Each structure stands twice: as C-alpha cells, then as structure tokens.
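Structural description and commentary
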Amino acid sequence: MQREKQKVTELLLSTLPQEIVDRLSTKNEMIEDKFETVTVMFADIVGFTEISSRFPAVFVVSMLNELFSAMDLMCEKHKLEKIKTIGDAYMAASGVPHVRPPLEQARSVVNMALETIEFINDYSTKNSEKLQIRIGIHTGVN
C-alpha cells in the first residue's frame, strides 16, 4: 500500500508543484486558488513540423530534451513555475504558486525569454540547424 502511494505521489509531482501535491495529500477538498496578478510566457519553435520531418525522431526528441532541460534550469534561476510542455511548446508563469509584485513577475519572465532566445541562437550556431523561437508574454490582473 505504501509503495502504491509513493507511485501516485511521484506521478503527481511530475505534473504538479510540490505545494499542490502536499495539499492534495492532506486535504479532501477541491483546490481553488486566486492570484491577483500572473505573468505567463509561451514559447514554441518556429516551423517545428517541417524541421521534425527532416530528422529522425531520436534527433528531434534529443533536441527538445536539450532545449526544455535548459528552460527548466532557467525557470529555477528566474523563480518561475514551469506549467507545461506540449510538443515543441513550453509554458511558464510567475506569480503562481508564490505571489510576487507585478513588475518583478514581468521582469523575471522577460529575462527568461531573453535567455531562451540566447540559448536558441547558441544552439543554432553549435548544431548548424537554424532554429527560431516564438515567445509570447502576457500579464493579467484579476
């Protein structure tokens, strides 16, 4: 029974922040939080479908792993919360689950976006594959 509980916890941690997993395991109620201000960053590789059609799947997965691993480290550095990756898309946010002042949120997200662009440019130079990344940022006030 304990082993099964550990497996469930590990699965939850692979998709949810630690704070939410802790709350799920201690309370038997719906979790609904309200945040006054959140800044979100979306990023994806321009022309990914065409790029992925030119290379073996193992190369594409390796490329995405390298990019997303670097972005995960950037999230930690800039104190952002990784929300999700889908295909070649990456989403991160500031202001959740830890509240931060709006200007600090925006500044940290913009700094990560600039660092991501720099990473893509360096990757392109090292690998002779010209990649471009599309990044969108939005700050919302409730």
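Described in the following lines is the structure provided in the data block. (Residues numbered from 1 in each chain as written. Predicted model: local features only at pLDDT ≥ 70, side-chain atom pairs only at ≥ 80, totals over all residues. Heavy atoms only, no water.)

1. With respect to the nonpolar core
Nonpolar side chains in soluble globular proteins tend to be buried together. In terms of nonpolar packing, the biggest core is built from 24 residues, with Met41, Ile45, Met63, Met71, Tyr90, Met112 and Leu131 touching the most fellow members. Of the residues forming this core, the biggest block, nine residues, is contributed by helix H4 (residues 57-78). Setting aside residues no more than four positions away along its own chain, tyrosine 90 makes contact with Met41, Phe42, Ala43, Phe68, Met71, Asp72, Cys75, Lys82, Lys84, Thr85 and Met112. (Core = buried A, V, L, I, M, F, W, Y, C linked by side-chain atoms within 4.5 Å. Buried < 20%, exposed > 50% of the residue type's maximum accessible area, 1.4 Å probe, protein only. Helix = DSSP H or I, 4+ residues; strand = E, 2+ residues; numbered from the N terminus. Contact = heavy atoms within 4.5 Å.)

2. Examining the environment of glutamate 104
If you trace the backbone, glutamate 104 turns up in helix H5 (residues 102-127). For the pair glutamate 104 and threonine 39, spaced 65 residues apart in sequence, the C-alpha to C-alpha distance is 9.7 Å. Here the side chain of glutamate 104 touches arginine 100 through a polar contact of 3.0 Å, side chain to side chain. (Polar contact = N/O pair within 3.5 Å; in protein donor to acceptor, adjacent residues only side chain to side chain.)

3. Side note on unusual backbone geometry
In this model, lysine 79 sits at a positive phi of 60 degrees, which is unusual for a non-glycine residue. Relative to the elements of secondary structure, lysine 79 occurs in the loop between H4 and strand S2 (81-86). By relative accessible area, lysine 79 is classed as exposed at 65%.

4. Considerations on the sheet that holds strand S1 (residues 37-45)
The strand order across the open sheet formed by four strands is S2-S3-S1-S4, and the pairing between neighbours is antiparallel. Here the strands that pair on one side only, and so sit at the sheet edges, are S2 and strand S4 (133-141). Shown here is a sheet whose adjacent strand axes are inclined to one another by a mean of 15 degrees, direction ignored. Each of S1, S2 and strand S3 (89-94) touches H4; the most contacted strand, S3, lies at about 5 degrees to it. (Pairing = 2+ DSSP bridges. Axes fitted to C-alpha atoms, helices over the stretch in contact; angles between N-to-C directions.)

5. Details of the packing of aromatic side chains
According to the stated counting rule, one finds three aromatic pairs in the structure shown. Seen from their ring centres, phenylalanine 68 and tyrosine 90 are 5.6 Å apart, and the 45 degrees between their planes marks the pair as tilted. Of the two residues, phenylalanine 68 is situated in helix H4 and tyrosine 90 in strand S3; the sequence distance between them amounts to 22 residues. The exposure class of phenylalanine 68 is buried, given its relative accessible area of 10%. (Phe/Tyr/Trp six-rings, centres within 6.5 Å; stacked < 30°, edge-to-face > 60°.)

6. Regarding the layout of surface pockets
By volume, the largest pocket is sized at about 160 Å³. In this structure, the largest pocket is lined by Gln2, Lys5, Gln6, Val8, Thr9, Leu12, Val21, Asp22, Leu24 and Ser25. Sorting the residues of the lining of the largest pocket by element identifies helix H1 (2-13) and helix H2 (18-26) as the ones contributing at least two each. It is H1 that provides the largest number of residues to the lining of the largest pocket, a total of six residues. For the lining of the largest pocket, the per-class residue count stands at four nonpolar, four polar and two charged. (1 Å grid on protein atoms, 1.4 Å probe; cavity = no way out; pocket = protein on both sides within 12 Å on 5 of 7 lines; lining within 4 Å. Points joined across faces, edges and corners; volume = space filled by probe spheres on them. Nonpolar A, V, L, I, M, F, W, Y, C, P; charged D, E, K, R; others polar.)

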